[in-house]
Amino acid sequence: MAREYDVIIVGAGMVGALTAVLTAQKGLTVALIDKHSGRYPLSTPPAYDARVSAISALSQQLLEQAGAWQRIAQERLAPYQRMAVWDGLGDGYVDFDSRYQQPPYLGQLVENAVLCDALMKSVHDTRGIDLYFDDSVQAQRQVERGVEIDLSSDRQLLGAVLIAADGANSKLRHDNGFDTVEWDYGHHAIVTTVEIDRSHQDTAWQAFGEEGILAFLPLPSVDGRHFVSIVWSVAPSDAEQLVALEEAAFCRRLTYAMNGAFEALSLTVPRQAIPLRQRHAKQYVQEGIALIGDAAHTIHPLAGQGANLGFADVSALVPILVKAHQRGEALGDLKTLRRYQRARMLDNIAMSASMEAFKRTFSTQQPAIVQLRNIGLKLCHQSSMIKRQLVAHAAGLR
Ligand SMILES: Cc1cc2nc3c(=O)[nH]c(=O)nc-3n(C[C@H](O)[C@H](O)[C@H](O)COP(=O)(O)OP(=O)(O)OC[C@H]3O[C@@H](n4cnc5c(N)ncnc54)[C@H](O)[C@@H]3O)c2cc1C
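Residues numbered from 1 in each chain as written. Predicted model: local features only at pLDDT ≥ 70, side-chain atom pairs only at ≥ 80, totals over all residues. Heavy atoms only, no water.

Looking only at helices and strands, one finds 10 helices and 20 strands in the protein. A burial count over the protein gives 55% of its 398 residues as buried. Taking the contacts inside the protein whose residues are at least 6 apart along the sequence as the reference set, 72% of them involve residues at least 24 apart. Accessible surface, the protein: about 17,400 Å² in total, of which carbon and sulfur atoms supply 51%. (Helix = DSSP H or I, 4+ residues; strand = E, 2+ residues; numbered from the N terminus. Buried < 20%, exposed > 50% of the residue type's maximum accessible area, 1.4 Å probe, protein only. Contact = heavy atoms within 4.5 Å. Areas by Shrake-Rupley, 256 points an atom, 1.4 Å probe, with all protein chains shown as cover.)

Written out as structure tokens, the structure reads:
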């Protein structure tokens, strides 16, 4: 006999785990399934996890609501007050700072493993969530009361609604025939943790130039030593070559790409190269199932917004499910789920489109476009109104 739940969530990454906690807090019963063990061993600083996320103020609020943010040790958080962007092929420069908003920072950098570990602790402490880890969905069928699934562990579950939070290569998206619009960005992102020669001044630095798109993201300093997490987006062949370089030569290339603003001294964790692909599902919902987070959309990491968009999906979907539950409506009803799609799709498409425009504009070396983008950066730098709007948007507050 199938075990029954209001909500079955497949994928206990940041987005799935947050959805589980926020729905269970409202009294819905939840099954959370992941092929992963749900354990995130934490490294010891300064060997910070190579994968980090810039978390916006809105996302932070949701994580606080789930009781996860409070579990993150202060020494693993790096609030940044400023963002500085410049064009290595001209003199265009713009910076934003937290003068323009409350709270007094633009966002906080946190390692993905640290965030997932905190979320997992909240999952364990929330009543109403059953965990099915080291497990996955083998088969799925629509039945009168929702969606029935068979797990690899031979167990059967019945959910009023199935939520696919199984990431960029979502199997549920594929198996349920959701169409996507997708293309390669022609970029791989190299990520690692780097010791630098001076303070990053609580600033996220981003350089666009012939060396690709390079971000230096601040991490907490340790014993007077300074560290950044890098995201260096370059052509796949360059990525392969840069990852193969010996460490000292890689650091020299980093220093050069940063225009000498910092000297890269050493790496504290191995480099990883992640292929970047733009992907957007044409529909987020079908009868009985909703896509959420990276399962619904992935974007270029240049503005650090992917997880923030996923958390915004959660903040739209959860109240819709809770309200339907309180009214005794079928949670998987297409009419109900479409409310979520309507609430999120336009925003997500707008963000994807801006990332594509940014990536195209800033990865070309065509003189006319280089000249135009430098003028654009300078104009933006001079306008406090534009800055205020961009900052509020990045924080998820508008
Ligand atoms: C280089 C880089 C830098 C980034 N920087 C930022 C940033 O600064 N700020 C930001 O907001 N975003 C950033 N992002 C985006 C962010 O990392 C993602 O948007 C976010 O991790 C997606 O979370 P998710 O929970 O949707 O998916 P995932 O984190 O991929 O989680 C999916 C979960 O599903 C599980 N799963 C997968 N398949 C199955 C299956 N078949 N059965 C069961 N379980 C399954 C996986 O084990 C995993 O636990 C960045 C991305 C990249 C590539």
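Once you've had a look at it, read on.
In the region of the ligand, 29 residues are neighbours, and Asp34, Ala54, Asp294, Gly304 and Ala307 sit closest. Lysine 35 is positioned such that a nitrogen or oxygen atom in its backbone is 3.2 Å from a nitrogen atom of the ligand. Computed on the free molecule, the ligand has an accessible area of 1,000 Å², of which 85% lies beneath the protein chains in the complex. When residues of the shell around the ligand are traced back to their parent elements, those giving at least two are α1 (14–25), β3 (52–55), β12 (180–196) and α7 (306–326). Counted by class, the shell around the ligand contains 11 nonpolar, 11 polar and 7 charged residues. (Near = heavy atom within 4 Å. Polar contact = N/O pair within 3.5 Å; in protein donor to acceptor, adjacent residues only side chain to side chain. Nonpolar A, V, L, I, M, F, W, Y, C, P; charged D, E, K, R; others polar.)

Let us now look at the pairing of strand β17 (residues 272–281). When a strand is regular, its side chains alternate between the sheet's two faces. In terms of strand pairing, β12 meets β17 through 9 bridges, oriented antiparallel. Paired with glutamate 182 across the bridge in β17 is arginine 279. Pairing between β17 and strand β20 (residues 297–298): 2 bridges, direction antiparallel. The partner of histidine 280 across the bridge, within β20, is histidine 297. (Pairing = 2+ DSSP bridges.)

On to the packing of α1 against helix α2 (residues 57–65), then. At a minimum axis separation of 9 Å, α1 and α2 run at an interaxial angle of 55°. In terms of orientation, α1 lies oblique with respect to α2. As α1 packs across α2, the resulting crossing turns out to be left-handed. Mapping the contact onto sequence places Leu18, Leu22 and Gln25 in α1 and Leu62, Leu63 and Gln65 in α2. Its residues placed into classes, the contact of α1 with α2 shows 4 nonpolar, 2 polar and no charged. (Axes fitted to C-alpha atoms, helices over the stretch in contact; angles between N-to-C directions. Parallel < 35°, antiparallel > 145°, perpendicular 65-115°, else oblique. Left-handed = near helix turned anticlockwise from the far one by under 90°.)

Another point: the pattern of salt bridges. A full pass over the atoms with the stated rule returns 18 salt bridges. Here aspartate 184 ties to arginine 277 by a salt bridge, and the two come within 2.9 Å at their closest N and O atoms. Of this pair, aspartate 184 sits in strand β12 while arginine 277 sits in strand β17; the two residues are 93 residues apart in sequence, bridging distant segments of the chain. On the basis of relative accessible area, aspartate 184 is assigned to the exposed category, the value being 51%. Of the charged contacts in the structure, one is a salt bridge between arginine 344 and aspartate 347, with a shortest N-O distance of 3.5 Å. Residue arginine 344 and its partner aspartate 347 are both found in helix α8 (residues 334–363); the two are separated by 3 residues, about one turn of the helix. Classification of arginine 344 as buried rests on a relative accessible area of 6%. (Salt bridge = Lys/Arg side-chain N within 4 Å of Asp/Glu carboxyl O.)

Evaluation of the coordinates by the stated rule reveals 6 aromatic pairs. Aromatic pair tryptophan 205 and phenylalanine 262: ring centres 5.2 Å apart, planes at 75°, arrangement edge-to-face. Taken together, the residues tryptophan 205 in strand β13 (residues 203–209) and phenylalanine 262 in the loop between α6 (247–257) and β16 (264–267) connect sequence positions 57 residues apart. With relative accessibility at 2%, the residue phenylalanine 262 sits in the buried group. By way of ring pairs, the aromatic residues Trp205, Phe216 and Phe262 are connected into one cluster. Seen from the ring of phenylalanine 250, arginine 271 lies directly overhead, with NZ or CZ sitting 4.6 Å from the centre. (Phe/Tyr/Trp six-rings, centres within 6.5 Å; stacked < 30°, edge-to-face > 60°. Lys NZ or Arg CZ within 6 Å of the ring centre and 35° of its normal.)

Turning our eyes to something else, we now look at the packing of α1 against α7. Relative to each other, α1 and α7 sit at 25°, their axes nearing to 10 Å. Judged by the inter-axis angle, α1 sits roughly parallel to α7. Crossing hand, α1 versus α7: right-handed. Within the contact between the two elements, α1 uses Met14, Val15, Leu18, Thr19, Leu22 and Thr23 and α7 uses Ala307, Gly310, Phe311, Val314, Val318 and Leu321.

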